[in-house]
Amino acid sequence: MQFQWYPGHMTKAKRQMQEDIKLVDLVIELVDARIPMSSRNPDIDELGKNKARLILLNKADLADKQANQAWTEYFEKKGYTVVRMDARSKAQIKPVNHAILEACKEKIERDRRRGIKNRPVRAMVVGIPNVGKSTFINSFAGKACAKTGNKPGVTKGKQWIRLNKSVELLDTPGILWPKFEDQSVGLKLALIGSIKDEILNIDEMSLELIKLLQHHPADAQALQARYELTETEDTVRMLGQIATNRSCIKKGGELDYSKAAALLLDEFRSGTIGHITLERPEEYAS
């Protein structure tokens, strides 16, 4: 399978971000906790290099807890503030508020020394498509947020949303498409649902998912337990066993591999198989 994105869109998005990022103190980057590196765009590091940085490991509830901790430590060592979260849960917004102030404490202290008090932190939310930006913004902002209007010296038309007395959010969140010279990045994005299933070969993807799950003993065990697998070597036979054990059968008794493949993908994405992370920090040690 070949995974393609559209450089024209990427160029436009990058240019927009280059303009918008000048207006903010903080870049809030959402990544998917199941694939924290594959769900990033490396351009964000370059674009936000002089800004405070906060990484939100979204969908942490679907990922492996030990891996979540390992990724938190990995990013913190690189100077980011990190929060593990589920963007759908408004109860998890309070830690994000605290993390924003922590990430911007130098800026806040600098303002205080200059006699500037209570100036809110200005932030923008960035991330690749379908990583949960809109869900996060809606949970964070709620219905009570009010646009504060154009600020002096700010490009005309830019709107700021006052989230609370401490934080304002630029209402044009940055979106960058991921880069993947490495096709395994595209595969992982497809597996979590960031690429439309309609343009993918679901049967092939399910076999690749089985291979990835076999890399980590706990994931392999969860897969075997969920589908009562006795076959653990041949991925096609494993998918066949899933079809048999879940009654994915066509008329005439033939196994329905496509139905089994779709079932496997759905149950992986929903966390039904277990808390699974498809990549680990040690794979990216530099």
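In the block above lies the structure referred to throughout.
A quick note: this is a predicted structure, and the numbers were derived from the prediction, not measured.

1. Topic: the overall build of the protein
Looking only at helices and strands, the protein features eleven helices and eight strands. Classification of the 286 residues of the protein by burial places 49% in the buried group. Total accessible area computed for the protein in this model is approximately 14,800 Å², and 48% of it derives from carbon and sulfur atoms.

2. Quick notes on helix α8 (residues 202–214)
Compared with an ideal rise of 1.5 Å per residue, which puts 13 residues at 18 Å, α8 spans 18 Å between its outermost C-alpha atoms and is within 8% of the ideal. Looking at α8, one finds that the buried residues are Ile202, Met205, Ser206, Leu209, Ile210, Leu212 and Leu213. Each buried residue of α8 lies within a common arc of 165° when the element is viewed along its axis, so the set occupies one face. Considering only its buried residues, α8 is in contact with α7 (183–191), α9 (217–227), α10 (235–245) and α11 (257–269). Its side-chain oxygen 3.2 Å from the backbone nitrogen of Asp203, Asn201 forms the N-cap of α8.

3. Considering the nonpolar core
Ranked by internal contacts, the top residues of the largest apolar core, which has 59 residues, are Leu26, Ile28 and Phe136. In contact with Leu26, other than residues within four places in its own chain, are Ala52, Arg53, Leu54, Ile100, Ala103, Cys104, Val121, Arg122, Ala123 and Met124. Membership of the second largest hydrophobic core comes to 15 residues, among which are Met10, Leu23, Leu47 and Trp177.

4. Focus on the side chain of Glu29
With respect to the secondary-structure elements, Glu29 resides in strand β1 (residues 26–32). Of the residues examined, Glu29 reaches a relative accessible area of 1% and is grouped as buried. A distance of 2.9 Å separates polar atoms of two side chains, one belonging to Glu29 and the other to Arg40. When sequence neighbours within four positions are dropped, the list of residues in contact with Glu29 reads Arg40, Ile44, Arg53, Leu54, Ile55, Leu56 and Val126.

5. Quick notes on the packing of aromatic side chains
Applying the stated criterion across every chain, the model contains six aromatic pairs. Here Phe75 and Tyr80 contribute two aromatic rings whose centre-to-centre distance is 5.8 Å and whose plane-to-plane angle is 85°, an arrangement assigned as edge-to-face. Look at Phe75 and you get buried, because its relative accessible area is 0%. In this structure an aromatic cluster arises from ring pairing among Trp71, Tyr74, Phe75, Tyr80 and Tyr284. The ring of Trp160 is capped by Arg122, whose NZ or CZ atom sits 5.1 Å from the centre of that ring.

6. A word on the side chain of Glu231
With respect to the helices and strands, the residue Glu231 is situated in the loop between α9 and α10. In this structure Glu231 is buried but unpaired, with Arg237 as the nearest side chain of opposite charge at 4.1 Å. Separated by 2.9 Å, the side chain of Glu231 and the backbone nitrogen of Glu233 make a polar contact. Only 3.0 Å separates the side chain of Glu231 from the backbone nitrogen of Asp234, close enough to count as a polar contact.

7. Quick notes on the pattern of salt bridges
As enumerated under the stated definition, the model contains 24 salt bridges in all. Residue Lys107 is joined to Asp111 by a salt bridge in which the shortest nitrogen-to-oxygen separation is 3.0 Å. Highlighted residues: Lys107 and Asp111, both in helix α5 (residues 105–113), separated by four residues, approximately one helical turn. On the accessibility criterion, Asp111 (5% relative accessible area) is buried. Here Arg119 ties to Asp111 by a salt bridge, and the two come within 3.3 Å at their closest N and O atoms. We classify Arg119 as partly exposed; its relative accessible area is 44%. Each of the salt bridges in this network shares a partner with another, and the network as a whole consists of Asp25, Lys107, Asp111 and Arg119.

8. So, the environment of Ile137
Along the polypeptide, Ile137 turns up in helix α6 (residues 133–141). Taking C-alpha positions, Ile137 is 9.2 Å from Asp171, a pair spaced 34 residues apart along the chain.

9. Overview of the environment of Gly271
Tracing the backbone through its elements, the reader meets Gly271 in the segment after α11. A relative accessible area of 21% means that Gly271 is categorised as partly exposed. Along the backbone, Gly271 and Ala63 are 208 residues apart, and their C-alpha atoms lie at a distance of 7.9 Å.

10. With respect to the pairing of strand β7 (residues 167–170)
Residues Val167 and Leu169 point to one face of β7 and Glu168 and Leu170 to the other, with burial holding for every one of them. Here three bridges tie strand β4 (residues 121–127) to β7, and the two strands are oriented parallel to one another. Bridge pairing links Arg122 to Glu168 in β7. Of the pairings in the sheet, the one linking strand β6 (residues 160–162) to β7 comprises three bridges and is antiparallel in character. The partner of Arg162 across the bridge, within β7, is Glu168. Taken together, β6 and the strand that follows it, β7, pair antiparallel across an intervening segment of four residues.

Calculation rules
- Residues numbered from 1 in each chain as written.
- Predicted model: local features only at pLDDT ≥ 70, side-chain atom pairs only at ≥ 80, totals over all residues.
- Heavy atoms only, no water.
- Helix = DSSP H or I, 4+ residues; strand = E, 2+ residues; numbered from the N terminus.
- Buried < 20%, exposed > 50% of the residue type's maximum accessible area, 1.4 Å probe, protein only.
- Areas by Shrake-Rupley, 256 points an atom, 1.4 Å probe, with all protein chains shown as cover.
- Expected span 1.5 Å × (residues − 1).
- Arc of directions from axis to C-beta.
- Contact = heavy atoms within 4.5 Å.
- Polar contact = N/O pair within 3.5 Å; in protein donor to acceptor, adjacent residues only side chain to side chain.
- Core = buried A, V, L, I, M, F, W, Y, C linked by side-chain atoms within 4.5 Å.
- Phe/Tyr/Trp six-rings, centres within 6.5 Å; stacked < 30°, edge-to-face > 60°.
- Lys NZ or Arg CZ within 6 Å of the ring centre and 35° of its normal.
- Lys, Arg positive; Asp, Glu negative; His and termini not counted.
- Salt bridge = Lys/Arg side-chain N within 4 Å of Asp/Glu carboxyl O.
- Pairing = 2+ DSSP bridges.

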